[in-house]
Amino acid sequence: MASLTVDLALAGIAVGSAAALTGIGLIVTYRATGVLNLAHGAIAMVTAYLLRQLVVVWHWPTGAAAALCLLVVAPGIGVVLDLLVFRPLAARGAGTAETLVATLGVFVLLVGAAFLAWGGDARADVPSLVSARPVTLPGGLSVRLDTLVQFGAVAVVALAVAAVTRWTRIGDELRAVVDNRRLAVLRGIDADRVAAVGWAFGSFTAGLAGVLLAPYLRLDPYGLSLLVLETMAVAVGAGMRSLPAAVFTALVVGVAQSELTALHPTAAAQPLVQAVGANLFVVALLVSVFVLPRIGGVGAERAAAALTRGRRTTSPVGWAACAVVLLLPLGLRAMDLYAALQVPALAIVLLSIVVVTGYGGQISLGQAGYAGLGALFAAMLSSGTFFGLPPLDEFAALPLAVLLVAPLGLLTGWPAIRRRGLALALTTFALGVAVSRFVFAQPFFTSGLVLNRPRGLSGDRAFYVFELALLTAALLVVRNLHRGRLGRALAAMRDHEQGAAAAGVPVPRLKLFAFAVGAASAALGGALLGMAGRAFDPADFDPVRGLLWFAAVVVMGADSALGAVLAAGLLVGLDTGTHEGVSALVVGVLAVLLGRFPGGLVNTVLTRREERGAPRAGPLVAPDAVLTAEGRRVRDRVRSASGRGP
Amino acid sequence: MTAPLAARGITHRYGGFTAVDGVDLSVPAGRVTALVGHNGAGKSTLFDCLCGTVRPTSGRVFLAGRDVTRLPDHARARLGLARTFQQLAVFPGLTVEENVRVGAEQRRGLTAPGLAAGLIGLPQPGRSSARAATRAALRLLDLGASHRLRAADLPTGTLRRVELARVLASSPTVLLLDEPAAGLDQDEAEALGRVLRALAADGMALLLVEHDLDLVQRVADTVHEMAGGRLLGPGGAEEREGGGEVR
Amino acid sequence: MSVEIELRGARVRYGPLEALHGVDLAMPSGRLTVLLGRNGSGRSTALHALAGIVPLSGGRVLWRGEDVTGLDAFRRARRGLALVPEQRAVFGSLTVEEHFALVTGDVGGRTPAFEAFPALRGLLKRRVGTLSGGEQRMVAVSLALLSGAGVLLLDEPGQGLAPAAAARMHQVLAEQAADGGRTVVVAEQQLRGALRGAAVVHVLRRGSVAFTGEPAEPGFTRRTRW
């Protein structure tokens, strides 16, 4: 038994070491640049793929391939990201939300690129850098060599960071920048150079973690990226500050996760223990985001407002074009119509992001979870597996599923009352991942499910018309959230939360409301997505897909309902019309470039047109010369009457 | 007569530091009360305790005699306690008129039925009175000509007026102003002073936190100085006529 | 008097607030200049604009006639400009000695700091975060003195110091200009002690210049009841 415990602990060190490397890299980058790099996992994934390509396909020697991947490509990715994406953002004074979207864009871009280059199939043949042969340590303990190397890599990297910060010039500069960035600049330190080094080092650790982890799993674009993203927990748990704390947490969680597999509880608790054991980093992430609500949240006032133009532009032309495009599939062949069924359903899901983020100003990366819950509940209700309820007709199951998911919006709405920016993004993402792992992946919920289309709508054409009707209804409801008293209150909350509260807007209640409406909309779209495919498929609601959806909406303009519909068309159209991954690549590139067209594509286009048509009224600093004599007289009269200057 | 706003024994500590230490303060109707003091004297924390963004460690806040200590900021706002922000709270995504309208609309609470009605697009009650209040506030602050402009691109002086108009549109009984002259030039600050005097003459209770002692001398009826979290006792405006520096 | 560094029509915005409404401020070469004004008058912002840590929304910064508006703050520092900000002017996690090591390699180079602030001699091993506010000011100003920079910008260097220590601080700074030939710009709330010997006084009021001239000019006292 004792030896089994030791063996499991050693096995746990493998994943623990990778997590520790991730933690070190994320913290160093964050301290040097202020950016929490959500693309870390994708860099790990791409590096692992590249290593496999070099060794397995092009037959490079493993050593040379590893050196190229780890010492050139991975750090190079970091430097390129810094130069092309993050330095321009920092120079513009971009806030948390914009930087967050940029990291998401990089994530989505790399995932899309990997899909295109290597396909979505899982690869089990990633070469190990070190053989797994056992070696006997002086104490008589037998350890696999690769475990030893992994552990050694963490120790070397951690000690190297400590030594560099202590004894080198760049280390002094890093410490100065971390301590007091402004003062470091005033002392002549080039903070940009320090940031570039931080990016290069962070990407190097990502590559190392990916290369070390990949042999243990089957490599696919989603899986490794998400796994590394989950290990972000150790950096968050260490307050994005302490390297020893991150390394310690990583190893403890890794070992604990491994030890849990040896636990054999009663049959009833078995699935839960297994699920927790397999996903301990997700649990750690949840705990850390709930225990440490302040991470990066400071100074994030108006965070999400930066993603919108806040302009109530409506575009009849845009909507008409959109309607035509949506009606076109009705004339298509059966095969193409089947693919088009996803568009209205996805559009309704994306509208939930418009409501929560675009109108309400709350960053929510977990909407895929609500969409999945909608599909799952609809399937469970109609299959009769929903906690003792009899099987329901699909016409009843659909609205009931939506009504059941709506209050679950409080799961993310309640944390949002006290969190902002990065902290809220992490919290909603962690909840989304948790739902995916602890609900969608559990046979307890998903076994024996059938999901059919409502009676009389089983044909693709009829179902498509039904979807269009529901999309129209959803758009009308969403429009009500953008106008009138409710729209103004939401916009006020988004633009200046404290100011809105000071004006009497019940901010906590309004946030819960926005999240509940968002959850309901996502659930409706998700249920339709499931019905269109006649099954509940957890892969449709993968958390990584949720990140892609969020990025797609923001790219089009977070507060643009038209943009959400177009984004749905773009995502489905690109992937079915070309190769899977193209849509992610396109969205990723656009998200990375978002700094060039703040407010999103649709808003930018509309604004341009508007400006061409009628010049916008300039700022009120109208110099006197612009006023006619009559105008000046009027102004002076008004001034003296009200006792106010300009 | 009870003061529209009164604080009794307000103390606020955080991290072992006492920012406000047992402060009693009354803000009477029809007068401008000013709060001065150095950075770190506790003015901002006291201000936050009064308007509800911070809950004091101990002590009570009364609004028209009602204990509002446990009410959050938005609830106090609907009871007639309005505030402005040093860093300007305007909603850049809305037009000038919509900014003001947000203030006018909140006298009536946004309840669950109201949210549901808004969701399905039913008109909200009290629309016409909110519209009238908006128009009046825009006129009062000379914003009639610019009401359709988006608040994003306006200069500081205009934004101050937008914020003030939004606040006034909710017809408050008490107005707390946090450095309202920050970012204004000389003329704008003087014009602001005239508006504040006019509001006091109209019966409103005003509390002003301000560094600009000229403005304080010109508009305040009572000046309280804060230091080390305590109130050092009031002085009438007349006492300062000699031109000695009020610290 | 030739001009070392100046703001021309400089505007600075912090979000919706404009802190400098287009000011012209010139600092004479090798002399002491004092910026007077209250909190919120734009004093600190003017110094920050000169040092390049806030961007201008309008106007220019000229250094010996050259337009340096677009020059990064760290490059201005390397060219010989040292700003001691009002807040967070030291690295809390470093010792006094490590601070000195940032600006001068040899131990002998620290002498000017000890001459100005003898008290620092006994504090070399202390982490600066553990020092009193006044001692931190001394460390911060020492950094500027030792840096070899030709232009020293100091935002309330006397803040947190006892009156005698503040007077000594002002004396040291005045000497840096008079004997050392450095361009010294001091922002303070009041014109006290050695600051009265300034070549030029600029008074800022609400983000605009209310007075510029010599302290002895008749207009000074009348127009600076700010």
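How each quantity is defined
- Residues numbered from 1 in each chain as written.
- Chains lettered and ligands numbered in written order.
- Predicted model: local features only at pLDDT ≥ 70, side-chain atom pairs only at ≥ 80, totals over all residues.
- Heavy atoms only, no water.
- UniProt positions renumbered as here; feature names shortened; annotations may be inferred.
- Helix = DSSP H or I, 4+ residues; strand = E, 2+ residues; numbered from the N terminus.
- Rg over C-alpha atoms; globule rule 2.2 N^0.38 Å.
- Buried < 20%, exposed > 50% of the residue type's maximum accessible area, 1.4 Å probe, protein only.
- Areas by Shrake-Rupley, 256 points an atom, 1.4 Å probe, with all protein chains shown as cover.
- Pairing = 2+ DSSP bridges.
- Contact = heavy atoms within 4.5 Å.
- Buried area = accessible area lost by both parts, 1.4 Å probe.
- Salt bridge = Lys/Arg side-chain N within 4 Å of Asp/Glu carboxyl O.
- Axes fitted to C-alpha atoms, helices over the stretch in contact; angles between N-to-C directions.
- Domains from an automatic or database assignment.
- Polar contact = N/O pair within 3.5 Å; in protein donor to acceptor, adjacent residues only side chain to side chain.
- Nonpolar A, V, L, I, M, F, W, Y, C, P; charged D, E, K, R; others polar.
- Core = buried A, V, L, I, M, F, W, Y, C linked by side-chain atoms within 4.5 Å.
- Phe/Tyr/Trp six-rings, centres within 6.5 Å; stacked < 30°, edge-to-face > 60°.
- Lys NZ or Arg CZ within 6 Å of the ring centre and 35° of its normal.
- Patch = residues over 30% accessible without salt bridge, like charges linked within 9 Å, V, L, I, M, F, W, Y side chains within 5 Å.
- Lys, Arg positive; Asp, Glu negative; His and termini not counted.
- Charge placed at Lys NZ, Arg CZ, Asp CG, Glu CD.
- Parallel < 35°, antiparallel > 145°, perpendicular 65-115°, else oblique.
- Left-handed = near helix turned anticlockwise from the far one by under 90°.

Looking at an unreviewed UniProt entry, chain C carries the name ABC transporter ATP-binding protein, with the source organism given as Wenjunlia tyrosinilytica. Annotation of chain C in UniProt includes, under Sequence similarities (unreviewed entry), the sentence "Belongs to the ABC transporter superfamily."

Within an unreviewed UniProt entry, the label attached to chain B reads ABC transporter ATP-binding protein, and the organism entered is Wenjunlia tyrosinilytica.

Engineer: Account for the overall build of chain C, with residues named and values stated.
Structural biologist: Along its length, chain C carries 7 helices and 10 strands. Relative to the compact-globule value of 17 Å for 226 residues, chain C shows a C-alpha radius of gyration of 17 Å, a close match. Principal-axis analysis of the C-alpha atoms gives chain C an extent of 45 × 35 × 35 Å. Evaluated residue by residue, chain C yields a buried proportion of 55% over its 226 residues. Split by element, the accessible area of chain C, about 9,100 Å² in all, is 48% carbon and sulfur.

Engineer: Quick one: what's the story with the pairing of strand 6 (residues 81-84) of chain B, residue by residue and with numbers?
Structural biologist: All names here are of chain B. Along strand 6, one buried face is formed by Leu-81 and Arg-83 and the opposite face, lined by Ala-82 and Thr-84, is buried too. Examined bridge by bridge, strand 6 and strand 7 (residues 174-178) share 4 bridges and lie parallel to one another. Note that in strand 7 the partner of Ala-82 across the bridge is Leu-175.

Engineer: So, the interface of chain B and chain A: which residues are in play, and what are the values?
Structural biologist: Interfaces are often described in size by the accessible area the parts lose on coming together. Facing 48 residues of chain B, the contacting portion of chain A comprises 44 residues. A combined buried area of about 3,900 Å² lies between chain B and chain A, and 61% of that area is made up of carbon and sulfur atoms. A per-residue breakdown of the area chain B buries against chain A is headed by B:Leu110, B:Leu115 and B:Leu119, which together make up 16% of the total. At the junction of chain B with chain A, the criterion picks out 1 salt bridge. Here B:Glu105 and A:Arg488 are joined by a salt bridge, their closest N and O atoms 2.5 Å apart.

Engineer: So what's going on with the pairing of strand 2 (residues 17-28) of chain C? Which residues, and what values?
Structural biologist: Residue and element names in this part refer to chain C. Strand 2 sits mainly inside the fold: 9 of its 12 residues count as buried. One ladder, built from 9 bridges, connects strand 1 (residues 3-14) with strand 2; its direction is antiparallel. Counterpart to Tyr-14 in the pairing with strand 2 is Leu-17. Joining the antiparallel neighbours strand 1 and strand 2 is a turn of 2 residues, in which Gly-15 adopts a positive phi near 55 degrees.

Engineer: Tell me what's going on with the interface of chain B and chain C, and back it up with residues and numbers.
Structural biologist: Counting from both sides, the interface comprises 23 residues of chain B and, opposite them, 13 residues of chain C. When chain B packs against chain C, close to 1,400 Å² is buried across both sides, 37% of that on carbon and sulfur atoms. Put simply, chain B and chain C have 4 salt bridges between them. C:Arg205 is the salt-bridge partner of B:Asp212, the closest N and O atoms lying 3.8 Å from each other. Of all elements in the fold, only helix 6 (156-169), helix 7 (186-201) and helix 8 (213-219) of chain B reach the threshold of two or more residues within the side of chain B that touches chain C.

Engineer: Lay out the pattern of salt bridges in plain terms, naming residues and giving numbers.
Structural biologist: Two side chains carrying opposite charge are able to pair once their charged atoms lie near each other. This structure, assessed with the given rule, holds 32 salt bridges over all chains. For A:Asp393, the salt bridge identified is with A:Arg455, shortest N-O distance 2.7 Å. Residue A:Asp393 is found in the loop between helix 17 (367-383) and helix 18 (394-405), and its partner A:Arg455 is found in the loop between helix 21 (443-446) and helix 22 (460-480); the two are separated by 62 residues along the sequence. Accessibility expressed as a relative area gives 28% for A:Asp393, which makes it partly exposed. In the salt-bridge network here, residues are joined through shared partners; they are B:Asp212, B:Asp214, C:Arg38, C:Arg205 and C:Arg206.

Engineer: Please set out the sheet that holds strand 9 (residues 200-205) of chain C residue by residue, giving values where relevant.
Structural biologist: Residues and elements named next belong to chain C. Taken together, 6 strands build an open sheet; the order of strands is 6-7-8-3-9-10 and the sheet is mixed. The open sheet has two free edges, formed respectively by strand 6 (81-84) and strand 10 (208-213), since each of these has just one partner strand. Across the sheet, the axes of successive neighbouring strands diverge by a mean angle of 15 degrees, strand direction being ignored. Against the sheet, helix 1 (residues 43-51) engages strand 3 (32-36), strand 6, strand 7 (151-155), strand 8 (183-188) and strand 9, with an angle of about 150 degrees to strand 7.

Engineer: Talk me through the domain arrangement of chain B; I want residue IDs and the actual numbers.
Structural biologist: All names here are of chain B. One can read the domain layout of chain B as domain 1 (1-80 + 172-241) and domain 2 (91-169). A straight line from the C-alpha centre of domain 1 to that of domain 2 covers 25 Å. Between domain 1 and domain 2, the contact holds 14 residues from the first and 11 residues from the second. Summing the contributions of domain 1 and of domain 2, the shared interface buries around 960 Å²; its carbon and sulfur component is 68%. Scanning the region where domain 1 abuts domain 2 turns up 0 salt bridges. Applying the counting rule to domain 1 against domain 2 returns 2 residue pairs in polar contact (both at pLDDT 80 or more). Here the side of domain 1 that touches domain 2 takes 4 residues from helix 7, the largest share from any one element. Tallied by class, residues from the side of domain 1 that touches domain 2 come to 10 nonpolar, 1 polar and 3 charged.

Engineer: Break down the nonpolar core for me, citing the residues and quoting the values.
Structural biologist: Residues and elements named next belong to chain A. Of all hydrophobic cores here, the largest spans 211 residues; its most connected members are Leu-350, Leu-510 and Trp-549. Here this core gets 15 residues from one element, more than from any other, and that element is helix 25 (residues 507-533). Setting aside anything within four residues of it in sequence, one finds Leu-350 in contact with Trp-549, Val-553, Ala-564, Ala-567, Ala-568 and Leu-571.

Engineer: Run through unusual backbone geometry, naming residues and quoting values.
Structural biologist: In this structure, B:Asp142 is a non-glycine residue whose phi angle is positive, near 60 degrees. With a relative accessible area of 24%, B:Asp142 lands in the partly exposed category. Look at C:Glu156: it is not a glycine, yet its phi comes out positive at around 50 degrees. Inspection of the secondary structure puts C:Glu156 in the loop between strand 7 and helix 6 (163-178). Taking the relative accessible area as the measure of exposure, C:Glu156 reaches 6% and is therefore buried.

Engineer: Which residues make up the packing of aromatic side chains, and what are the values?
Structural biologist: One pass over the structure, following the stated rule, counts 14 aromatic pairs over all chains. One aromatic cluster is present, built from ring pairs that chain together A:Phe377, A:Phe386 and A:Phe387. Sitting over the face of the ring of A:Phe463, A:Arg453 holds its NZ or CZ atom 4.9 Å from the ring centroid. Of note, B:Arg83 hangs over the ring of B:Phe85, and the distance from its end group to the ring centre comes to 3.8 Å.

Engineer: Just give me the short version of the sheet that holds strand 2 (residues 17-27) of chain B, but keep the residues and values in it.
Structural biologist: Residues and elements named next belong to chain B. Within the open sheet, the 4 strands sit side by side as 2-1-4-5. Their pairing is antiparallel. Each edge of the open sheet is held by one strand with a lone partner, namely strand 2 and strand 5 (66-67). Where strand 4 (residues 58-63) meets strand 5, 2 bridges bridge the pair, whose relative direction is antiparallel. Residue pairing across strands places Phe-62 opposite Asp-67, the latter belonging to strand 5.

Engineer: How would you explain the side chain of A:Arg453 if you had to name every residue and give the values?
Structural biologist: Residue and element names in this part refer to chain A. With respect to the helices and strands, Arg-453 occurs in the loop between helix 21 and helix 22. By relative accessible area, Arg-453 is classed as buried at 4%. Within the structure, the side chain of Arg-453 is placed 3.1 Å from the backbone oxygen of Met-531, a separation counted as a polar contact. Every residue in contact with Arg-453, bar those within four places of it in the chain, is listed here: Tyr-338, Leu-341, Glu-394, Ser-458, Gly-459, Asp-460, Phe-463, Met-531, Ala-532 and Arg-534.

Engineer: Talk me through a positive patch on the surface; I want residue IDs and the actual numbers.
Structural biologist: On the surface, a cluster of positive charge is contributed by B:Arg127, B:Arg131, B:Arg135 and B:Arg139. Mapped onto the elements of the fold, B:Arg131 is located in helix 5 (residues 127-140).

Engineer: Tell me about the packing of helix 26 (residues 543-556) of chain A against helix 27 (residues 561-577) of chain A, and name the residues and values.
Structural biologist: All names here are of chain A. At a minimum axis distance of 9 Å, the contact between helix 26 and helix 27 shows a crossing angle of 130 degrees. Taken together, the axes of helix 26 and helix 27 are oblique relative to one another. Where helix 26 crosses over helix 27, the handedness of that crossing is right-handed. Residue-level inspection shows Leu-548, Trp-549, Ala-552 and Met-556 of helix 26 in contact with helix 27, the latter providing Gly-563, Ala-567, Leu-570 and Leu-571.

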